[in-house]
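The lines below spell out each chain.
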Amino acid sequence: MVGGCGDRGEVGELRGHEFDGGIEVRAADCDKGQVVSQVLAQQDAGHAGCVAYLGDDYTDEDAFRALQGRGLRVLVRPKWRTTAADVWLRPPDGLRDFLGRWADIREGDR
């Protein structure tokens with residue numbers, strides 16, 4: 001989403017945010033929590049389904065907070081840290097197991 005969180009369609013100011021693996025570049029007027037809130041608001045009520053957000057860094061905390069009570073918040077990283085996430089997974093095995101189980105559940109819904 002280059003143009004920010006609104007429906008303006010224009011490219012706004014970009015900002016760099018440091019994280020464990022380098023620098024994340026995103027719209028200055030938008031964080032991941034706002035994006036999660038917009039996606040949830042746009043979901044058709046008849047097709048809401050299960051929602052999970054998986055993140056590994058401090059840049060994901062806004063999304064974890066936005067999803068509170070509306071989906072599963074998953075921190076994926078080798079070492080524990082304080083977080084707003086509901087669940088902590090250690091990659092790669094914990095993540096692989098989670099994704100396999102998620103796929104099994106989704107397949108059962110069809």
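Higher on the page you've got the structure.
Residues numbered from 1 in each chain as written. Predicted model: local features only at pLDDT ≥ 70, side-chain atom pairs only at ≥ 80, totals over all residues. Heavy atoms only, no water.

(A) Main features of the sheet that holds strand 5 (residues 87–89). In spatial order, the strands read 3-4-5; together these 3 strands make up an open sheet with parallel pairing. Each edge of the open sheet is held by one strand with a lone partner, namely strand 3 (52–55) and strand 5. Going from strand to strand, the sheet's axes swing by 25° on average, the running direction of each strand aside. Bridge analysis of strand 3 against strand 4 (residues 72–76) gives 4 bridges, and the strand direction is parallel. (Pairing = 2+ DSSP bridges. Helix = DSSP H or I, 4+ residues; strand = E, 2+ residues; numbered from the N terminus. Axes fitted to C-alpha atoms, helices over the stretch in contact; angles between N-to-C directions.)

(B) Representation of the environment of Arg106 within the structure. Mapped onto the fold, Arg106 is located in helix 3 (residues 93–109). For Arg106, a relative accessible area of 41% gives the class partly exposed. In this structure, the C-alpha to C-alpha distance between Arg106 and Gly49, residues 57 residues apart in sequence, is 9.5 Å. (Buried < 20%, exposed > 50% of the residue type's maximum accessible area, 1.4 Å probe, protein only.)

(C) Structural detail: a nonpolar patch on the surface. A cluster of nonpolar side chains, namely Leu14, Ile23 and Val25, defines an oily patch on the protein surface of about 310 Å² accessible area. Among the secondary structure elements, Val25 is positioned in strand 2 (residues 22–27). (Patch = residues over 30% accessible without salt bridge, like charges linked within 9 Å, V, L, I, M, F, W, Y side chains within 5 Å. Areas by Shrake-Rupley, 256 points an atom, 1.4 Å probe, with all protein chains shown as cover. Salt bridge = Lys/Arg side-chain N within 4 Å of Asp/Glu carboxyl O.)

(D) Quick look at the packing of aromatic side chains. Using the criterion set out here, one finds 3 aromatic pairs in the structure. With a centroid separation of 5.8 Å and 65° between ring planes, the pair formed by Trp80 and Trp88 is classed as edge-to-face. Residue classification places Trp80 among the exposed residues on the basis of a relative accessible area of 52%. One cation-aromatic arrangement involves Arg81 over Tyr58; the distance from NZ or CZ to the ring centre is 4.2 Å. (Phe/Tyr/Trp six-rings, centres within 6.5 Å; stacked < 30°, edge-to-face > 60°. Lys NZ or Arg CZ within 6 Å of the ring centre and 35° of its normal.)

(E) Broad picture of the side chain of Lys32. Residue placement: Lys32 occurs in helix 1 (residues 32–42). Side-chain polar atoms of Lys32 contact the side chain of Thr59, separated by 3.2 Å. Excluding residues within four positions of it along the chain, Lys32 makes contact with Glu24, Arg26, Tyr53, Thr59, Asp60 and Ala63. (Polar contact = N/O pair within 3.5 Å; in protein donor to acceptor, adjacent residues only side chain to side chain. Contact = heavy atoms within 4.5 Å.)

(F) Molecular detail of the environment of Asp29. The topology assignment puts Asp29 in the loop between strand 2 and helix 1. Taking C-alpha positions, Asp29 is 7.1 Å from Cys5, a pair spaced 24 residues apart along the chain.

(G) Representation of the pairing of strand 2. Pairing analysis gives 6 bridges linking strand 1 (residues 14–19) to strand 2, with the strands arranged antiparallel. Bridge pairing links Gly16 to Val25 in strand 2. Following strand 1, the chain reverses through 2 residues before pairing antiparallel with strand 2.

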